[in-house]
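# Examination of the molecular architecture
So you can see what is in the structure, the chains are spelled out below.
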Amino acid sequence: MQNTNKTVIKSMKLLHLFRTNPTLTLNEMVDAAGLPKTSVHRMVTSLEEAGLLQRDGAGSYKLGLLFLEFGQLVTERMDLRKIALPYMEELRDQIGEAVNLTIKDQLEALYIEKLDTTHPVRLFTKVGRRSPLYAGACSRIILAHMAEEDVESYLQEQKLTAYGNGTITDAAKLRDILSDSRKKGIAISRSELENGTTSVAAPIFDFKGEIAGGLSIAGPSERFSDDKIQQMIDQLKHASYEISKELGYKEPHL
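As the structure is a computational prediction, the values presented were derived from the model and not from experiment.

Let us look at the pattern of salt bridges. Enumeration according to the criterion identifies 12 salt bridges in this entry. Here D105 makes a salt bridge to R130, at a shortest N to O gap of 2.7 Å. In this pair, D105 sits in strand β3 (residues 98–105) while R130 sits in strand β5 (residues 130–132), placing the two residues 25 residues apart along the sequence. Between K208 and E210 there is a salt bridge, with the nearest N and O atoms lying 3.8 Å from each other. The structure contains a network of salt bridges with shared partners spanning D105, E108 and R130.

Below, the discussion takes up the packing of aromatic side chains. One pass over the full model with this rule turns up 1 aromatic pair. The interplanar angle of 25° and the centroid separation of 5.0 Å between the aromatic rings of F205 and Y249 together place this pair among those described as stacked. Placement of F205 in strand β7 (residues 197–205) and of Y249 in the segment after α8 (226–246) is noted, with a sequence separation of 44 residues between them. Note on accessibility: F205 and Y249 belong to one class, buried.

It is worth spelling out the layout of surface pockets at this point. In this structure, the second largest pocket spans a volume of roughly 220 Å³. Contributing to the lining of the second largest pocket are 14 residues, with R140, I177, D180, A187 and I188 lying nearest its centre. Listed by contribution, the elements that provide at least two residues to the lining of the second largest pocket are α7 (171–184) and β6 (187–190). If you tally residues by element for the lining of the second largest pocket, the top one is α7, at 5 residues. Across the lining of the second largest pocket, the residue classes tally to 5 nonpolar, 3 polar and 6 charged.

Here we take up the pairing of β3. With 7 of its 8 residues buried, β3 lies for the most part within the structure. Direction of pairing for β3 relative to strand β8 (residues 211–220): antiparallel, over a ladder of 5 bridges. Pairing of V99 across the sheet is with I217, part of β8. Alignment of β3 against strand β4 (residues 108–115), held across 7 bridges, turns out to be antiparallel.

The next thing to look at is the confidence of the model for the chain. In the predicted model, the chain carries a mean pLDDT of 88, and 91% of its residues have values of at least 70. Of all the helices and strands in the chain, helix α1 (residues 2–16) carries the lowest mean pLDDT, 78, while helix α5 (residues 137–144) carries the highest, 96.

In this section: the side chain of H145. Positionally, H145 belongs in the loop between α5 and α6 (148–157). With near-sequence residues (within four places) excluded, H145 lies in contact with S181, R182, P203, F205 and I211.

Bringing the nonpolar core into the picture now. Grouped burial of nonpolar side chains is what soluble globular proteins tend to show. Formed by 27 residues in total, the largest nonpolar core has its most connected members in L80, L91, L101, V200, L215, L236 and I243. Looking at this core, the elements with two or more residues in it are α4 (65–95), β3, β4, β7, β8 and α8. Take this core: its biggest share by element is 7 residues, from α4. Sequence-distant contacts of L101, defined by excluding residues within four places in its chain, comprise L80, R81, A84, M88, L110, Y111, I112, E113, I204, G214 and L215. In this structure, C138, L174, A187 and I211 belong to the second largest nonpolar core, which totals 24 residues.

By way of backbone hydrogen bonds, the strands of a sheet pair with one another, either parallel or antiparallel. One open sheet accounts for 6 strands, arranged β5-β4-β3-β8-β7-β6; its pairing is antiparallel. Because the sheet does not close on itself, it has two edges, and the strands there are β5 and β6. Shown here is a sheet whose adjacent strand axes are inclined to one another by a mean of 30°, direction ignored. Of the strand pairs in this sheet, β4 and β5 are connected by 3 bridges, and their pairing is antiparallel. Along β5, the bridge assignment pairs A109 with S131.

Scoring rules and cut-offs
Residues numbered from 1 in each chain as written. Predicted model: local features only at pLDDT ≥ 70, side-chain atom pairs only at ≥ 80, totals over all residues. Heavy atoms only, no water. Salt bridge = Lys/Arg side-chain N within 4 Å of Asp/Glu carboxyl O. Helix = DSSP H or I, 4+ residues; strand = E, 2+ residues; numbered from the N terminus. Phe/Tyr/Trp six-rings, centres within 6.5 Å; stacked < 30°, edge-to-face > 60°. Buried < 20%, exposed > 50% of the residue type's maximum accessible area, 1.4 Å probe, protein only. 1 Å grid on protein atoms, 1.4 Å probe; cavity = no way out; pocket = protein on both sides within 12 Å on 5 of 7 lines; lining within 4 Å. Points joined across faces, edges and corners; volume = space filled by probe spheres on them. Nonpolar A, V, L, I, M, F, W, Y, C, P; charged D, E, K, R; others polar. Pairing = 2+ DSSP bridges. pLDDT = per-residue confidence, 0-100. Contact = heavy atoms within 4.5 Å. Core = buried A, V, L, I, M, F, W, Y, C linked by side-chain atoms within 4.5 Å. Axes fitted to C-alpha atoms, helices over the stretch in contact; angles between N-to-C directions.

So this is what it looks like as structure tokens:
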């Protein structure tokens, strides 16, 4: 493991050379990095195979297109947060409960922004928290709007573990709930990630009409009456739609 870590660190040292040099030959990398040529050649070959470096016809290397893809993903995530934040603040001020923003990251939902409630009793959620896509409204609204084949593949492989006494662990029931969420454009969870909590979530779509994230209102269940939830749904869907529009979404209001 230690040798592997050292190799990764040395490989990163090579990649950092391209921050100030658009193209480099193998010998130039050897000279700049101060590493043995055999080691540099081995690392460069691996980086090229991984798509992190690309060799041109003259034998020089440049950063691979994979970096462009990574950069686009980071930009999209940061843009989403920046666009969503004013709407989240307005929603928090209107409802008085915590507002969360999530995106899909691998097979989990990742919280990239959170605004706390002003109430003294609040939920423990923080930016960087992860949750399974099947549990919790802000996670499940993303799963509900993924491509059907991706949803089915996820359900076939994912073990449905209980986190709270309301976690849905039956695949057939989960499929029905996901279908209902797609139709209604809303997801509601009760005690799924933590007992005594309720969350209401709506989807955010990008310019391609694909799911970009989830926007949710969450708090202790005693503050989420049926009438209050209905009020939240109307305001939440409006906010998520406005965010989607700013991302280039063109479909009619859900």
